[in-house]
Amino acid sequence: MSSRSPREELAEKVAGEITLSEDPGATLRKWRTDFTVSQTELAEELSISSSVISDYESGRRKSPGIAVVRRMVTALLDIDERRGGDRIRQYARVISAGFESDIVQDLREYPTTIPLERFYDAIGATEIVEGTSDRISGHTVIDSIEAITRLSSEEFYRLYGQSTNRALVFTGVTRGESPLVAMRVVNPTPNAVVLHGLSERDLWEHAPDLARIDGFSLAVCDTDLETTLERLRELST
């Protein structure tokens, strides 16, 4: 068991990804937007011009060295902590559930149950099959390929977090066949499954039948991932 804090572990992960990336600027931008920090906010925290951040992210400026990356990561974490530490807590939830953050992209429990319709409206999802329950108390966003290739059925079940009364959002989906077949080995099933990254016309033809058999709501969503995650963060606050 690691003795390091979630902040320390997250700092190491972010700094490592940026430093080792083939496109450090793009990776920096990914993490900055993930923390919902603007270029201006990050620049002010570092007491530099926002054009410097822009130049790094666009590749106009030579890739930042380790010392600069460390300062940027520290600034992102400091901003997050002043806002209440939501992103750090989110990382801690994923780690405590026993997952790598490249598998589970978001895992949250809500203070109260919310109507499934509200959840779908927030992320621009279209319901294909109505389930047996119309409320959820949390959500998990999962990279479908990573989950299917790396998780056992027991680990798959842990994606439910504290309750099966939730929505599982599978990202990186092309037709939806793989995640829905994988769902068949997990019992009980969640209240809702969202296949992210495809429209209704791209959906695997047997997907609705499997959802009806297992009794969960099935929806598709083609809103871009960053926007979807941002809307989910807002929904659960």
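Since this is a predicted model, take the numbers as computed values, not measurements.

So, how was this worked out
Residues numbered from 1 in each chain as written. Predicted model: local features only at pLDDT ≥ 70, side-chain atom pairs only at ≥ 80, totals over all residues. Heavy atoms only, no water. Buried < 20%, exposed > 50% of the residue type's maximum accessible area, 1.4 Å probe, protein only. Helix = DSSP H or I, 4+ residues; strand = E, 2+ residues; numbered from the N terminus. Pairing = 2+ DSSP bridges. Right-handed = clockwise from strand over helix to strand, strands pointing away. Polar contact = N/O pair within 3.5 Å; in protein donor to acceptor, adjacent residues only side chain to side chain. Contact = heavy atoms within 4.5 Å. UniProt positions renumbered as here; feature names shortened; annotations may be inferred. Arc of directions from axis to C-beta. Axes fitted to C-alpha atoms, helices over the stretch in contact; angles between N-to-C directions. Core = buried A, V, L, I, M, F, W, Y, C linked by side-chain atoms within 4.5 Å. Salt bridge = Lys/Arg side-chain N within 4 Å of Asp/Glu carboxyl O.

## So, the pairing of strand E4 (residues 167–171)
Thought 1: Of all five residues in E4, five are buried, a share of seventy percent or more.
Thought 2: Judged by which residues are buried, E4 turns out to be covered on both faces: Ala-167, Val-169 and Thr-171 on one side and Leu-168 and Phe-170 on the other are all buried.
Thought 3: Relative to E4, strand E3 (residues 135–143) is paired through five bridges, and the arrangement is parallel. Counted as the bridge partner of His-139 is Ala-167 from E4.
Thought 4: Relative to strand E5 (residues 192–196), E4 runs parallel, the two sharing four bridges. In the strand pairing of E5, Ala-167 is matched with Ala-192.
Thought 5: In this region the chain leaves E4, passes through helix H10 (residues 177–183) and returns to the parallel neighbour E5; the handedness of that crossover is right-handed.

## A closer look at the side chain of Asp-80
Thought 1: Assignment of secondary structure puts Asp-80 in helix H5 (residues 66–82).
Thought 2: Within the structure, the side chain of Asp-80 is placed 3.1 Å from the backbone nitrogen of Ile-88, a separation counted as a polar contact.
Thought 3: Residues within four places of Asp-80 in sequence aside, it is in contact with Phe-35, Gly-85, Asp-86, Arg-87 and Ile-88.

## Looking at unusual backbone geometry
Thought 1: Of note in this structure, Thr-36 is not a glycine but carries a positive phi near 50°.
Thought 2: Its place among the elements puts Thr-36 in the loop between helix H2 (24–34) and helix H3 (39–46).
Thought 3: For Thr-36, a relative accessible area of 35% translates into the label partly exposed.
Thought 4: Positive phi outside glycine occurs at Ser-47, with the angle close to 60°.
Thought 5: Residue placement: Ser-47 occurs in the loop between H3 and helix H4 (50–58).
Thought 6: Judged by relative accessible area, which is 67%, Ser-47 ranks as exposed.

## Re the UniProt feature "domain: HTH cro/C1-type" (unreviewed entry) in the protein
Thought 1: Per the UniProt annotation, the sites labelled "domain: HTH cro/C1-type" (unreviewed entry) are residues 28–82.
Thought 2: Across residues 28–82, the secondary structure splits into 75% helix and 0% strand, with the terminal C-alpha atoms separated by 20 Å.

## Here's the deal with the environment of Phe-170
Thought 1: When you line up the elements, Phe-170 lands in strand E4.
Thought 2: Here Phe-170 falls in the buried class, since its relative accessible area comes to 0%.
Thought 3: Separated by 36 residues in the primary sequence, Phe-170 and His-206 place their C-alpha atoms 17 Å from one another.

## A short note on helix H12 (residues 225–235)
Thought 1: Within the span of H12, buried status applies to Thr-228, Leu-229, Leu-232, Arg-233 and Leu-235. Angular distribution of buried residues about the axis of H12 spans 160°; they occupy a single face of the element.
Thought 2: A distance of 3.3 Å separates the backbone nitrogen of Glu-226 from a side-chain oxygen at the start of H12, and that oxygen is part of Asp-224.

## Digging into the sheet that holds strand E2 (residues 126–129)
Thought 1: Read across the open sheet, the six strands follow the order E1-E3-E4-E5-E6-E2; overall the sheet is mixed. Sheet topology places strand E1 (104–115) and E2 at the edges, where each strand pairs with a single neighbour. Neighbour-to-neighbour, the strand axes of this sheet turn through a mean angle of 20°, independent of strand direction.
Thought 2: H12 contacts E1, E3, E4, E5 and strand E6 (217–221) of the sheet and is inclined by roughly 40° relative to E1.

## Focus: the nonpolar core
Thought 1: Formed by 28 residues in total, the largest nonpolar core has its most connected members in Phe-156, Phe-170, Leu-180, Val-193, Leu-195 and Leu-218.
Thought 2: Apart from the residues within four sequence positions on either side, Val-193 is in contact with Leu-168, Phe-170, Leu-180, Met-183, Phe-216, Ser-217, Leu-218 and Ala-219.
Thought 3: In this structure, Ala-15, Phe-35, Ile-53 and Ile-88 belong to the second largest nonpolar core, which totals 23 residues.

## Describing the pattern of salt bridges
Thought 1: The final tally for this structure, using the stated rule, is 16 salt bridges.
Thought 2: The closest approach of N and O atoms between Asp-86 and Arg-89, which form a salt bridge, is 4.0 Å. One end of the pair is Asp-86 and the other is Arg-89, both in helix H6 (residues 86–96) and three residues apart, which spans about a single turn.
Thought 3: Overlapping salt bridges bring together Asp-86, Arg-89, Asp-106 and Arg-108 as one network.

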